[in-house]
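Secondary and tertiary structure notes
As a plain string of letters, each chain reads:
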Amino acid sequence: MAKRIELDAPNVSEIEKEYLCKSIDSGFVSTFGPQVPEFENRFAKYIGTGKAVSIQSGTAAIHIALFESGIGKGDEVIVPSLTFVATINPILYAGANPVIVDVDPETWNIDPDEIQRAVTKKTKAIIPVHLYGNPCHMDALGQIAKEHGLSMIEDATESLGATYRKKQTGTFGDFGCFSFNGNKLITTGGGGMVAGKNDESLDHIKFLVNQARNESEDDYHPEVGFNYRMTNIEAALGLAQLEKIDMFLSKKRKFNQIYREELKDINFIRFQEEYMNAESSCWMSCVIFKKKIDISGLQKKLKENGIPTRRVFIPVVEFPPYKRYKFADHKNSCHIYENSLCLPSSTLNSEDDIYYVCRTLKRNIL
Ligand SMILES: *Cc1c(COP(=O)(O)O)cnc(C)c1O
């Protein structure tokens, strides 16, 4: 194969260069500059919310959302086991205790029944993760949050563009956190966004991420802030990427459709299921094998055919810093990890590339 197949490489090209040059020519390369608010406004509009605050990363977004929610020492925050460590780390930065629960075996997302079992008097928040772009059961989660008076901070870092009841993920919770890391749906090289229900809280976050600097009284800092700002250069990239977001989404969804169609005759291959009323962004297409497969061996064979793949996340409770926060058993997360594989999903690929992946995969497992 002449062309390389990409797993999750970013799709950055001419418009990005153009916008980047504009930002450099304007003299605004750092955290002040017109592209930052423009990107925030366009992004907020895209996800269908009033306001969004740009930030230095998705991790910082989750951290600041916890901080603004007043979560700290002694508080418990419920999170799923099958996720990237960046969902959990901010809870530890905040000095709170993660309570890590198992996921649903079909959707791979946090199991509402497990949350119900894990809630205590100390529980203050839940952080659902829309894994690989697949929306969580937002009706059930909203109900639980309401019933127990919990904050909900959505980790929507992988699900930009995904919807539940036609509403975008990241707009259901008190806060929604997004990432523009290189492998995400759109990238700014590295950055993120916080959306939220309450404009005052978002204004306060905007102030906190800028070292809690009082704009009206220069150099006055009434609180402990953070340097979590996005740069104008990053925002310029973001504006260019936003112009292509619908193309990215339709490509990702088309790839997922091809995978499902081409592999549907193989009775031991399944995909992440969607909840009723949910529509995944298909950020990453993953399969789960319903019979024992040597996943590492398969990855090696695919690699020899120019096809990069990645294992599903190792359940976080398997890592030393998080073991002690495990709630009940994690058999679903472990089963999914052991039997699943993430397939090429980068929008740099063509539909023909995806057909080639399907053919090669079939040849190596049948
Ligand atoms: C990417 C990611 C994050 C963190 O985003 P960064 O911008 O890399 O800090 C958090 N949670 C999940 C599930 C992610 O995939």
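The notes below deal with the structure included here. By convention here, each chain's residues receive numbers from 1 onward along its written sequence. pLDDT decides what is reported in this predicted model: residues at 70 or higher carry local features, side-chain atom pairs at 80 or more are listed and counted, and totals for whole chains, interfaces and linings draw on all residues regardless. Hydrogen atoms and water are omitted, and side-chain values are computed over all heavy atoms in the structure.

1. Observations regarding the overall build of the protein
- Runs of H or I in DSSP of at least four residues are treated as helices and runs of E of at least two as strands, each being numbered from the N terminus. The helix and strand tally for the protein stands at 11 helices and 14 strands.
- Projecting the C-alpha coordinates of the protein onto the three principal axes gives extents of approximately 70 × 55 × 35 Å.
- The classification of residues rests on relative accessible area computed with a 1.4 Å probe and restricted to protein chains. Under 20% of the type maximum is buried, over 50% is exposed, and intermediate values are partly exposed. A burial count over the protein gives 58% of its 366 residues as buried.
- In what follows, residue pairs with any heavy atoms lying within 4.5 Å of each other are defined as contacts. Expressed as a percentage of contacts within the protein between residues at least 6 apart in sequence, the contacts between residues at least 24 apart total 72%.
- Here the protein has roughly 15,800 Å² of accessible surface; of this, 50% comes from carbon and sulfur atoms. For every accessible area listed, the method is Shrake-Rupley and the probe measures 1.4 Å; residues are considered covered only by the protein chains on display.

2. A word on the packing of aromatic side chains
- When two rings of Phe, Tyr or Trp (its six-membered ring) have centres within 6.5 Å they constitute a pair, described as stacked for plane angles under 30 degrees, edge-to-face for angles over 60, and tilted for the intermediate range. According to the stated counting rule, one finds 11 aromatic pairs in the structure shown.
- Between Tyr-132 and Phe-313, the aromatic rings sit 5.5 Å apart at their centres with planes inclined by 5°, giving stacked as the arrangement. Note that Tyr-132 is positioned in the loop between strand E4 (123-126) and helix H6 (138-148) and Phe-313 in the loop between strand E13 (310-311) and helix H10 (331-339), a separation of 181 residues in sequence.
- Ring geometry for Tyr-164 versus Phe-172: centroids 5.9 Å apart, planes at 80°, classification edge-to-face.
- With a relative accessible area of 2%, Tyr-164 lands in the buried category.
- An aromatic cluster of three or more residues is present, and its members are Phe-84, Trp-108, Tyr-132, Trp-283 and Phe-313.
- A ring has a charge above it when a Lys NZ or an Arg CZ is no more than 6 Å from the ring centre and no more than 35 degrees off the ring normal. Here the guanidinium or amino end of Lys-22 rests over the ring plane of Tyr-19, the centre of that ring lying 4.7 Å away.

3. Regarding the sheet that holds strand E8 (residues 175-179)
- As summarised here, the arrangement of the seven strands in space is E1-E9-E8-E5-E4-E2-E3, forming an open sheet in which the pairing is mixed. Strands with a single pairing partner mark the edges of an open sheet, and in this sheet they are strand E1 (52-55) and strand E3 (97-101). Going from strand to strand, the sheet's axes swing by 25° on average, the running direction of each strand aside.
- By the bridge criterion, four bridges tie E1 to strand E9 (residues 192-196) in an arrangement that is antiparallel. Residue pairing for E9: Ser-54 is matched across the bridge by Met-193.
- Note on geometry: axes are C-alpha line fits, over the in-contact stretch for helices, and angles between N-to-C directions span 0 to 180 degrees. Contacts between helix H7 (residues 199-209) and the sheet are confined to E1, E8 and E9, with E1 contributing the most and set at about 20° to the helix. By definition, two strands form a pair when at least two bridges between them are found by DSSP.

4. Focus: the pairing of E9
- Among the five residues that make up E9, five are buried, leaving the element largely enclosed by the rest of the structure.
- Residues Gly-192, Val-194 and Gly-196 line one face of E9 and the alternating positions Met-193 and Ala-195 line the opposite face, and both faces are buried.
- Relative to E9, E8 runs antiparallel, the two sharing five bridges. Residue Phe-175 lies in a different strand from E9, and its bridge partner there is Gly-196.

5. Regarding the side chain of Lys-252
- Among the secondary structure elements, Lys-252 is positioned in helix H8 (residues 232-262).
- Counted charges follow a simple rule, with Lys and Arg positive, Asp and Glu negative, and His plus the chain ends left uncounted. Here, a salt bridge means any side-chain nitrogen of Lys or Arg that lies within 4 Å of a carboxyl oxygen of Asp or Glu. Despite its burial, Lys-252 pairs with no opposite charge; the closest candidate is Asp-8, at 7.7 Å N-O.
- Distance and chemistry together define a polar contact, namely a pair of N or O atoms within 3.5 Å, with one atom able to donate a hydrogen and the other to accept it when in protein, and with adjacent residues in sequence counting only for side-chain atoms on both sides. Polar side-chain contacts of Lys-252 include one of 3.1 Å to the backbone oxygen of Ser-345.
- Apart from residues no more than four positions distant in its own chain, Lys-252 is found in contact with Leu-185, Ser-281, Cys-282, Trp-283, Ser-345, Ser-346 and Thr-347.

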